[in-house]
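Here is how the chains run, residue by residue.
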Amino acid sequence: MPWNRLLTLGVGTCAAVTLSLPVAAVPASATPSHHRAGGSLVLVGGALADDNREIYEDIVRLAGGPGRARIGIVTAGAPVPAEDPDAGTPDCNNSVCNGDYYADLFRSYGVADAQWIPIDLDHPAAADDPAVVRQIESMTGFFFGGGDQYRYVTTMTRGTAQRDSAALAAVRRKLRGGAVVAGTSAGAQIMAGRDMITGGSTEPGLRDGAKPGYFDDPAVLGYLPRGGFGFFTAGLVDTHFSRRGREARSIRLASDTRHTRVFGLDENTALEVTGVGGRRTALRVLGQRGVSVLDLRRARVTDHGGVWGIEGVRWSRLTAGDAYLASRWTVVPAAGKPRVRPAVGPCTATPSEDVFYDYAMVGLVEEGLAARTGCVAVGGTSYEKDPQWAARLTRGSGFAAFRGTTATTFTDVVVGIRPA
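Please read all numbers here as calculations on a predicted model, not as lab measurements.

## Details of the state of the cysteines
Cysteine pairs can be covalently joined through their sulfur atoms, and such a bond is termed a disulfide.
Moving on, step 1. For the structure on display, the rule yields two disulfides.
Moving on, step 2. There is a disulfide in this structure between Cys92 and Cys97, and the S-S distance comes to 2.4 Å. Disulfide Cys92 to Cys97: torsion about the S-S bond roughly 130°, handedness right-handed.
Moving on, step 3. Between the sulfur atoms of Cys347 and its disulfide mate Cys375 the distance is 1.9 Å. Classification of the bridge connecting Cys347 and Cys375 rests on its S-S torsion, roughly 90°, and on that basis the disulfide is right-handed. Residue Cys347 is located in the loop between strand E20 (330-332) and helix H9 (360-369), and its partner Cys375 is located in strand E21 (residues 375-385); the two are separated by 28 residues in the primary sequence.

Following this line, the structure appears as structure tokens:
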């Protein structure tokens, strides 16, 4: 049977494999860092809802708590007012009005003070202004808004070596001293270390591979070898992850740049990292959806008549309350989450015809591998057909699923991607 046809396969009443997991987290840092003390990161996958109290209140708590927290708002990733056709209206989306918006929002969550840090493409020199540095030094936390992560590079770093501006150096010192640095979408992506993704859609990226640089072309899977700010270095980072079907593009980028781990952040969901740079770094998930961890340590690239493919990527997805032990590559489900027991019976999961979009791969796991004992392999094909791609998902030896309040945790799904 052709590989791309083996997308939903049933084999009687094969039972799910069990997974042994530690009952308590003893976090440790996965990657050495130049940070000596322990600040915190809150990395949000985008589309952060105004009423997501869990995430906003977590940022405020880590910044000192209601009545004491002082949050600096950085929106240099957004368009400047001259680029915004809705500037001056309630529908505005630019650096200035976004700064005001987030400042008001954080005040509604009880911060003592929230201020826009006036750095954007219209004012890149402000990142070396002593007055701006003093403003940053007065803050206990920072929030980086969305937009384009490369704009943060061009406004807050200097030269091809991407040296810290005075403002970025000040934020780095504050993080080292215990401050929280949060960001959503591009504001989370910029926290990444080397080989930060700069853009690119999935299907052309799979076909052509990753290319170093920044490209004004959504068909090019670009990355910045020197990375972003380097606050988070446990793996590559991608945002809007399963909503935009970015599992495959992140796999290709990681494979091409020889990374073995990717953290994929879903929308309205955060990865909280405490003790950054310390000896006991802890990672946990908050919010509505999930954070995916892609493990490429045992993956192998395959060739199909000159067309790229890959086998053996291991995929786990954490949801609210779950912890991740980065040094052990281990998921720790939140206490009290019930184990999902697949129903005995044939596989009824329908192959996806748009597998790289809108939680399609997550749905195949939830509705197939985790739902029916007969589902041994599930998958689907890409919507794009130049070429068309096929994804196949199977249970690994450590597969398990746990039911959360709003999403399902699962571990050790084996992913293969190849031309259909």
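## Re the packing of helix H3 (residues 130-137) against helix H5 (residues 166-176)
Moving on, step 1. Between H3 and H5, the shortest axis-to-axis distance is 9 Å and the interhelical angle comes to 15°. Classed by the angle they form, the pair H3 and H5 counts as roughly parallel. Regarding H3 and H5, the two cross each other, and that crossing is right-handed. Contact with H3, carried on its side by Val133, Ile136 and Glu137, involves Ala166, Ala167, Ala170, Val171, Arg173 and Lys174 of H5 and no other residues of that element.
Moving on, step 2. When grouped by side-chain class, the residues that make up the contact of H3 with H5 number six nonpolar, no polar and three charged.

## A look at the sheet that holds strand E9 (residues 196-199)
Moving on, step 1. Within the open sheet, the three strands sit side by side as E9-E11-E10. Their pairing is mixed. The sheet is open, and its two borders are formed by E9 and strand E10 (210-212), each paired with just one other strand. The mean inter-strand angle of the sheet, taken between neighbouring strand axes irrespective of direction, is 40°.
Moving on, step 2. With three bridges joining them, E9 and strand E11 (residues 221-224) adopt antiparallel strand pairing. Counted as the bridge partner of Gly199 is Gly222 from E11.
Moving on, step 3. The strands that helix H8 (residues 247-257) touches are E9, E10 and E11; relative to E11, the one it contacts most, it runs at about 50°.

## A word on H8
Moving on, step 1. Burial runs high along H8: ten of the eleven residues are buried.
Moving on, step 2. Of the residues making up H8, those classed as buried are Glu247, Ala248, Arg249, Ser250, Ile251, Arg252, Leu253, Ala254, Ser255 and Thr257.
Moving on, step 3. With its phi angle positive at about 65°, Arg258 sits one or two positions after the end of H8.

## Re the sheet that holds strand E2 (residues 39-44)
Moving on, step 1. The strand order across the open sheet formed by nine strands is E4-E3-E5-E8-E2-E14-E15-E19-E20, and the pairing between neighbours is mixed. This sheet does not close on itself; its edge strands, each paired only once, are strand E4 (113-116) and E20. Averaged over all adjacent pairs, the angle separating strand axes in this sheet is 20°, with direction ignored.
Moving on, step 2. As paired strands, strand E5 (residues 141-144) and strand E8 (residues 180-184) are joined by four bridges and run parallel to one another. Paired with Phe144 across the strands is Gly183, a residue of E8.
Moving on, step 3. Of the strands in this sheet, E2, E5, E8 and strand E14 (269-276) touch H5, which is tilted by about 115° from E2.

## What about the domain arrangement of the chain?
By a widely used convention, the size of an interface equals the accessible area lost when the partners come together.
Moving on, step 1. As far as domains go, the chain holds domain 1 (39-310) and domain 2 (338-419).
Moving on, step 2. With 21 residues of domain 1 at the interface, the matching set in domain 2 holds 19 residues.
Moving on, step 3. Carbon and sulfur atoms supply 61% of the area buried between domain 1 and domain 2, which totals about 1,800 Å² over both sides.
Moving on, step 4. Linking domain 1 to domain 2 there are two salt bridges.
Moving on, step 5. With a shortest N-O distance of 3.7 Å, Asp386 and Arg207 are connected by a salt bridge.
Moving on, step 6. Taken together, the connections running from domain 1 to domain 2 amount to seven residue pairs in polar contact (both at pLDDT 80 or more).
Moving on, step 7. Only helix H7 (202-208), H8 and strand E18 (307-319) provide two or more residues apiece to the side of domain 1 that touches domain 2.

## Quick look at the pattern of salt bridges
Moving on, step 1. According to the stated counting rule, one finds 22 salt bridges in the structure shown.
Moving on, step 2. Salt-bridge contacts for Arg70 lead to Asp113; the nearest nitrogen and oxygen are separated by 3.4 Å. Of this pair, Arg70 sits in strand E3 (residues 70-74) while Asp113 sits in strand E4, and the two are 43 residues apart along the sequence.
Moving on, step 3. Among the residues examined, Asp113 registers a relative accessible area of 18% and is labelled buried.
Moving on, step 4. Measuring nitrogen to oxygen at the nearest pair gives 2.8 Å for the salt bridge that ties Asp295 to Arg297.

## Considering the environment of Ile55
Moving on, step 1. Residue placement: Ile55 occurs in helix H1 (residues 53-62).
Moving on, step 2. On the accessibility criterion, Ile55 (0% relative accessible area) is buried.
Moving on, step 3. Separated by 160 residues in sequence, Ile55 and Phe215 have C-alpha atoms that sit 32 Å apart.
Moving on, step 4. The residues touching Ile55, leaving out its near neighbours within four places in the chain, are Val42, Val44, Leu48, Asn268, Thr269, Ala270, Leu286 and Gly287.

Definitions and limits used
Residues numbered from 1 in each chain as written. Predicted model: local features only at pLDDT ≥ 70, side-chain atom pairs only at ≥ 80, totals over all residues. Heavy atoms only, no water. Disulfide = S-S within 2.5 Å. Helix = DSSP H or I, 4+ residues; strand = E, 2+ residues; numbered from the N terminus. Axes fitted to C-alpha atoms, helices over the stretch in contact; angles between N-to-C directions. Parallel < 35°, antiparallel > 145°, perpendicular 65-115°, else oblique. Left-handed = near helix turned anticlockwise from the far one by under 90°. Contact = heavy atoms within 4.5 Å. Nonpolar A, V, L, I, M, F, W, Y, C, P; charged D, E, K, R; others polar. Pairing = 2+ DSSP bridges. Buried < 20%, exposed > 50% of the residue type's maximum accessible area, 1.4 Å probe, protein only. Domains from an automatic or database assignment. Buried area = accessible area lost by both parts, 1.4 Å probe. Salt bridge = Lys/Arg side-chain N within 4 Å of Asp/Glu carboxyl O. Polar contact = N/O pair within 3.5 Å; in protein donor to acceptor, adjacent residues only side chain to side chain.

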